[in-house]
Amino acid sequence: MSEKTIHYSGFGSAAVHGGHTKDPNSAHLVPIYASSTYVFDSAEQGMRRFSGKEDGYIYSRWGNPTSNEAEEKIAGLEGHGLNLPLRGIMHSSGMAAISTLMLATLKSGDKVLSHFSLYGGTEELINKVLPPLGIEPVIGDLRDLNLAEDLMKADPAIKMLYLETPANPTIQCVDLEELVKLGKKYNLIIACDNTFATPYLQQPFRFGVDFVVHSTTKFLNGHGTAIGGVLIGKDLELMNGHVTKIHRLLGGNSNPFDSFLLINGIKTLELRMERHCHNAVEVANFLDGHESVGHVNYNGLPSHPDHYLSVKQMRHPGAMLSFELKGGLQAGIAFMDKLNMCIRTVSLGTCDTLLSHPASMTHYSVPQEARLKYGITDGLIRMNVGIENITDILADLDQAL
Ligand SMILES: Cc1ncc(COP(=O)(O)O)c(C=O)c1O
């Protein structure tokens, strides 16, 4: 029996074993299929494969056994406990997965409705790349459900509701249940970027979304060893047909080595997330009471405006937080320079604790006025709380503060 068909009652078991197909040479782990093409036994077989009459690999941009295991594993986790068959398609990056989603489902004259706080790359895709193709953005504060409905009602050209919750970099949440209800009322395609939460903390398909995307570069890989992305959908005919075709033609396929690293990373997802989350609560409480720190932005703190949403739709508020240093820009730079164990870098989702200072790094070239609109103040520090021992994380933060 293919292990793909086994039912795993536990999320951790599905993370370890899910998606695996028995290897013809009995290798325990899926091999890295470093082959661009696949051999046909006969011309007749080639014809059957190309005509779709026989399943099987043809060319690695179209499909690769190692990447296939990664996509089966992630789709199994997004649908875990939901009794909902899903299809995942691995991509070379999160941005490639989002691009396939947009280009496969939208056409000239359509509009995308989204919340103002989004990962910067997605925001630029929606605001700069899609408009010359005739696909326009509609951006609002989707935490305001009345406004969200007004926007949907006012403009029948809106075809997609694109959500990211919690959002990068502000960690704001939007209400999946209520927004999906509204999106369905107005016949919208509903997609959610689940990168910050992972399927362990949040399953957007539970609320009825049509698509989920991930930057697998982050918590799913978990070790910072590869860039990757995945697009998952529940309309299997659409996913296996049109979406697969667009994915193959755009050429944003993953490579087998990165998929191999991803598969091995996902095996420990549950364990890692438990530790990440436990440490994040400790860090948030420590920072919240510290004299050098002003505001702490963590959904797990009851004082956070989105706390109720993280309770409503997530297993746990997660491992991302940001905090404001009272001393502004200079305090931010001094703090970053004093870190010993914790790592000064962008990105997130690794075992290591990572900190970035947007005003001197990712948002250095953004004028202060524009930054402030998104809450990116001079002394703001963004933190991916890692899985090290909490005593070491707190000691490093304490000495740097
Ligand atoms: C929430 C979110 N979505 C998508 C992306 C894009 O992913 P990638 O860098 O793998 O293309 C990122 C990257 O940081 C992200 O944080």
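Calculation notes
As a convention, each chain's residues are numbered from 1 in the sequence order in which they are written. With the structure being a predicted model, the display of local features is reserved for residues of pLDDT at least 70 and the display and counting of side-chain atom pairs for 80 or more, all residues being used for whole-chain, interface and lining totals. Values reported for side chains reflect all heavy atoms of the structure, with hydrogen atoms and water molecules removed beforehand. In this description, the term disulfide denotes a pair of cysteine sulfurs within 2.5 Å. Only protein chains enter the accessibility calculation, which uses a 1.4 Å probe; a residue is then buried when its area is under 20% of its type maximum, exposed when over 50%, and partly exposed in between. To be near a molecule or strand, a residue needs just one of its heavy atoms within 4 Å of it. Polar contact is defined as a pair of N or O atoms within 3.5 Å, subject to the rule that within protein one atom must be able to donate a hydrogen and the other to accept it, and that residues adjacent in sequence are counted only when both atoms are side-chain atoms. To be clear on the numbers: accessible area is Shrake-Rupley with a 1.4 Å probe, and residue cover counts the displayed protein chains and nothing else. Just so you know the grouping, Ala, Val, Leu, Ile, Met, Phe, Trp, Tyr, Cys and Pro go in nonpolar, Asp, Glu, Lys and Arg go in charged, and all remaining residues, Gly too, go in polar. In this analysis, strands are considered paired if DSSP registers two or more bridges between them. Each helix is a run of DSSP H or I of at least 4 residues and each strand a run of E of at least 2, with the numbering of both proceeding from the N terminus. Under this scheme, a helix contributes an axis fitted over its contacting stretch, all axes are lines through C-alpha atoms, and angles between N-to-C directions fall in the 0 to 180 degree range. Residues are treated as being in contact if the distance between any of their heavy atoms lies within 4.5 Å. Every helix has an expected span of 1.5 Å times one less than the residues it contains. The angle between axes fitted to the seven-residue stretch ending at a residue and the seven-residue stretch beginning at it gives the bend at that residue.

S.K.: Describe in detail the state of the cysteines, supporting the description with residues and values.
M.R.: Such a bond, covalent and formed between the sulfur atoms of two cysteines, is termed a disulfide. The final tally for this structure, using the stated rule, is 0 disulfides. Here C173 stays free of any disulfide, with the sulfur of C192 as its closest cysteine sulfur at 10 Å. Look at C192 and you get buried, because its relative accessible area is 0%.

S.K.: Account for the site of the ligand, with residues named and values stated.
M.R.: Neighbouring the ligand are 14 residues, the closest being N168, D193, S215, T217 and K218. Between D193 and the ligand, the recorded distance is 2.6 Å, taken from a side-chain N or O atom to a nitrogen atom. Contact distances for the ligand include 2.8 Å between an oxygen atom and a side-chain N or O atom of S215. Protein contact buries 91% of the 390 Å² of open area that the ligand shows by itself. Partitioned by chemical class, the residues of the shell around the ligand number 4 nonpolar, 7 polar and 3 charged.

S.K.: Which residues make up the sheet that holds strand β11 (residues 354-356), and what are the values?
M.R.: Pairing is mixed across the open sheet formed by 5 strands, whose spatial order is β8-β9-β12-β11-β10. A strand with exactly one partner marks an edge of an open sheet, and here the two such strands are β8 (293-297) and β10 (343-344). With 2 bridges joining them, β10 and β11 adopt parallel strand pairing. Directly across from R344, in β11, lies its bridge partner L355.

S.K.: Go over the sheet that holds strand β3 (residues 136-140) with me, naming the residues and quoting the values.
M.R.: Strands belonging to one sheet form pairs held by backbone hydrogen bonds; the direction of such a pair is parallel or antiparallel. Pairing in this open sheet of 7 strands is mixed, and the strands run β1-β7-β6-β5-β4-β2-β3 from one edge to the other. Either end of the sheet is taken by a strand with one partner, and the two such strands are β1 (87-91) and β3. Taken over all neighbouring pairs, the strand axes of this sheet differ in orientation by 20° on average, direction set aside. As defined by bridge partners, strand β2 (residues 111-115) adjoins β3 across 5 bridges and the pair is classed as parallel. Counted as the bridge partner of H115 is G140 from β3. Strands in contact with helix α9 (residues 236-250) are β1, β6 (211-215) and β7 (229-233); relative to β1, the strand with the most contacts, it is inclined by about 15°.

S.K.: Any chance you could break down the pairing of β1 for me, citing the residues and the numbers?
M.R.: With respect to burial, β1 is a largely interior element, 4 of its 5 residues being buried. Pairing of β1 with β7 involves 5 bridges; the strand directions are antiparallel. Counted as the bridge partner of G88 is I232 from β7.

S.K.: Tell me about α9, and please be specific about residues and values.
M.R.: When the terminal C-alpha atoms of α9 are compared, their 20 Å separation across 15 residues agrees well with the 21 Å that a helix rising 1.5 Å per residue should span. In the structure, α9 departs most strongly from a straight axis at V243, where the bend amounts to approximately 40°. At its buried positions, α9 is contacted by β1, α4 (94-105), β6 and β7. Looking one or two residues beyond α9, the residue adopting positive phi is G251, at roughly 80°.

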